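Working through the structure, step by step
Single-letter residue listing:
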Amino acid sequence: MKTACPEFERRNAKLQHGHLPQEELSHWQAHVSACRDCREQLLVHEKLQNALAAIAVPELPQNFSGLVLTRLAEARTTNAIARRRRAWLYLYWIAALAASINVVGGITLTMWNLQFNHLAILLTLVPLSFFALSYAERIFARLLRYFAPLLR
Amino acid sequence: MSALWQEPRSDRNALSAEEGAEDSALIQKYLESRDEILFKALVERYQERVFRLVLSVLGPYAQAEAQDVAQDVFVRVYRQLPNFRGECAFVTWVYRIAYNQALTHKQRARARMPHVPIDAPAAQALFAGEADPYVHAAQTERRAQVLACMERLPEVYRTTLNLFYWMERSVEEISAYLGAPAGTVKSYLHRGRQKLYEELKKQGWRDEDGLP
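Residues numbered from 1 in each chain as written. Chains lettered and ligands numbered in written order. Predicted model: local features only at pLDDT ≥ 70, side-chain atom pairs only at ≥ 80, totals over all residues.

1. Considering the overall build of chain B
The secondary structure content of chain B amounts to 10 helices and zero strands. Counting helices and strands in the order they occur from the N terminus, chain B gives α-α-α-α-α-α-α-α-α-α. Here chain B holds 212 residues, and 36% of them are scored as buried. For chain B, contacts bridging at least 24 residues in sequence account for 65% of all contacts bridging at least 6. (Helix = DSSP H or I, 4+ residues; strand = E, 2+ residues; numbered from the N terminus. Buried ≥ 20, exposed ≤ 12 C-beta atoms within 10 Å, placed from the backbone. Contact = placed C-beta atoms within 7 Å.)

And the structure:
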């Protein structure tokens, strides 16, 4: 692994602040011609200055803070809508559950009255409950999607 | 070698105790009153610095996105401000959020579009102003190659080099931006240049091409 020469960073910091005296300058030039690491560092340093310093740093718009406040207001509105939607989501799941219990309960009572076998009732009810809940949820989701714009 | 001789960098953005005290007072007032004018004042204090840090992470080809990301940073600051416990300086906390937000954005952008070609038209748009079109084209190509090689550097080296060479921030300022000691920043700069040298060599550059 290549060893890093500390001279470049030391001088570079000095040069940035314009503190490099004339006598040190000649010493630095002699060092650069002898030190491979510093030569490489200097080469890349110049390439970077040439490439990056040529790119103009864009400015922020004058009303940037105003734009941030607008974004915050939008985020607050979005959060409020999301909260309201979450409340409706719970409601339609409860409605779907109630509707499916109603359907499944009705069918169970009918089968019971017609004196069906208990195993047959159980085998019918398990998939029936699942489908009833699933369909009820879909129906209520559609209803919510339809009525949501009216509720805003 | 003349390129090394620069004007002294200003330390207008350096951290100061006075600034920290002003921040604390402003935050305290804001948390008590929830007055948006106070939050706006906080944004105005840090918007330039946050924008520069975000730009340094995203790079010169993402100038349009940087403004959006900087806005997201302040939205996050707004949301998390009530949880800010003052264990570090406010500015350090804001920089940490900005750095993480910019990194996340960059990673997502990479996942969406793994390779961003640094082509001639994009580079032409960045480097304008040379009088001779042939010289301009040649210089633009060389500069674009340097930027393309920079894209292959590890995140922290690239950000440090961008802050130092593009944004012209001092080592002390970069140290505040990254929350790392000045010695570590110097080491990042050194290793960043070393890795960039290796990348340029891989691209067929010779020492004679650019030695002073």
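Next, the rest of the story.
2. Considerations on the overall build of chain A
Helix and strand counts for chain A come out as five helices and zero strands. For chain A, buried positions account for 17% of its 152 residues. Counted over contacts in chain A with a minimum sequence separation of 6, partners at least 24 positions apart contribute 69%.

3. Description of helix α3 (residues 36–52) of chain A
Between the first and last C-alpha of α3(A) there are 24 Å, a value that for 17 residues agrees with the 24 Å anticipated at 1.5 Å per step. Regarding α3(A), the residues found buried are A:C38, A:E40, A:Q41, A:L42, A:L43, A:V44, A:H45, A:K47, A:L48, A:A51 and A:L52. (Expected span 1.5 Å × (residues − 1).)

4. Comments concerning the nonpolar core
Residue and element names in this part refer to chain B. If you look at the biggest cluster of nonpolar residues, it comprises 60 residues, and the most contacted ones within it are V50, L53, V54, V73, V94, Y95 and A98. Of the residues forming this core, the biggest block, 11 residues, is contributed by helix α2 (residues 36–58). Look past the residues within four positions of L53 in its chain and what remains in contact with it is Y95, A98, Y99 and Y177. (Core = buried A, V, L, I, M, F, W, Y, C linked by C-beta atoms within 7 Å.)

5. Here we look at the confidence of the model for chain A
With 89% of its residues at a pLDDT of 70 or more, chain A shows a mean pLDDT of 79. Confidence scores differ between elements of chain A, with helix α1 (residues 7–16) of chain A showing the lowest mean pLDDT of 70 and α3(A) the highest of 84. (pLDDT = per-residue confidence, 0-100.)

6. Focus on the packing of α2(B) against helix α3 (residues 63–80) of chain B
Residues and elements named next belong to chain B. Their axes nearest at 9 Å, the elements α2 and α3 cross at an angle of 135 degrees. One way to sum up the angle between α2 and α3 is to call them oblique. In this structure, α2 meets α3 at a crossing whose hand is right-handed. In this structure, α2 contributes F39, V43, Q47, V50, F51, V54, L55 and L58 to the contact, and α3 contributes Q63, E65, A66, V69, A70, V73, F74 and Y78. Looking at the contact of α2 with α3 residue by residue, the class counts come to 13 nonpolar, two polar and one charged. (Axes fitted to C-alpha atoms, helices over the stretch in contact; angles between N-to-C directions. Parallel < 35°, antiparallel > 145°, perpendicular 65-115°, else oblique. Left-handed = near helix turned anticlockwise from the far one by under 90°. Nonpolar A, V, L, I, M, F, W, Y, C, P; charged D, E, K, R; others polar.)

7. Considerations on the confidence of the model for chain B
Low pLDDT marks stretches whose predicted atomic positions should not be read closely. Residue and element names in this part refer to chain B. Averaged over chain B, the pLDDT score is 80; the fraction of residues at 70 or greater is 77%. This stretch, residues 1–14, has a pLDDT under 50; its non-local contacts, to residues over four places away or in other chains, come to 22 contacts. For this predicted complex, the interface confidence comes out at an ipTM of 0.74, alongside a pTM of 0.70.

8. Describing helix α8 (residues 171–178) of chain B
Counting buried positions over the eight residues of α8(B) gives seven, a clear majority of the element. Directly beyond the C-terminal end of α8(B), a positive phi value near 65 degrees is found at B:G179.

9. With respect to the environment of A:G105
Residues and elements named next belong to chain A. For G105, the position within the fold is in helix α4 (residues 64–113). Among the residues examined, G105 registers 11 C-beta atoms within 10 Å and is labelled exposed. When the C-alpha atoms of G105 and S129 are compared, they prove to be 9.4 Å apart, with 24 residues separating the residues in sequence.

10. Some points on unusual backbone geometry
Residue and element names in this part refer to chain B. A positive phi angle, near 55 degrees, is found at R34, a position not held by glycine. Its place among the elements puts R34 in the loop between α1 (17–33) and α2. A positive phi is found at E168, a non-glycine position, where the angle reads about 55 degrees. Mapped onto the fold, E168 is located in the loop between α7 (155–166) and α8.

11. Thoughts on the packing of α8(B) against helix α9 (residues 182–202) of chain B
Residues and elements named next belong to chain B. Where α8 meets α9, the closest approach of the two axes is 9 Å, and the angle between their N-to-C directions is 100 degrees. Here α8 is positioned roughly perpendicular relative to α9, judged by the angle of their axes. Taken together, the residues of α9 that come into contact with α8 (itself represented by V171, E172, I174, S175 and L178) are A182, V185 and K186. Of the residues contributing to the contact of α8 with α9, the split by class is five nonpolar, one polar and two charged.

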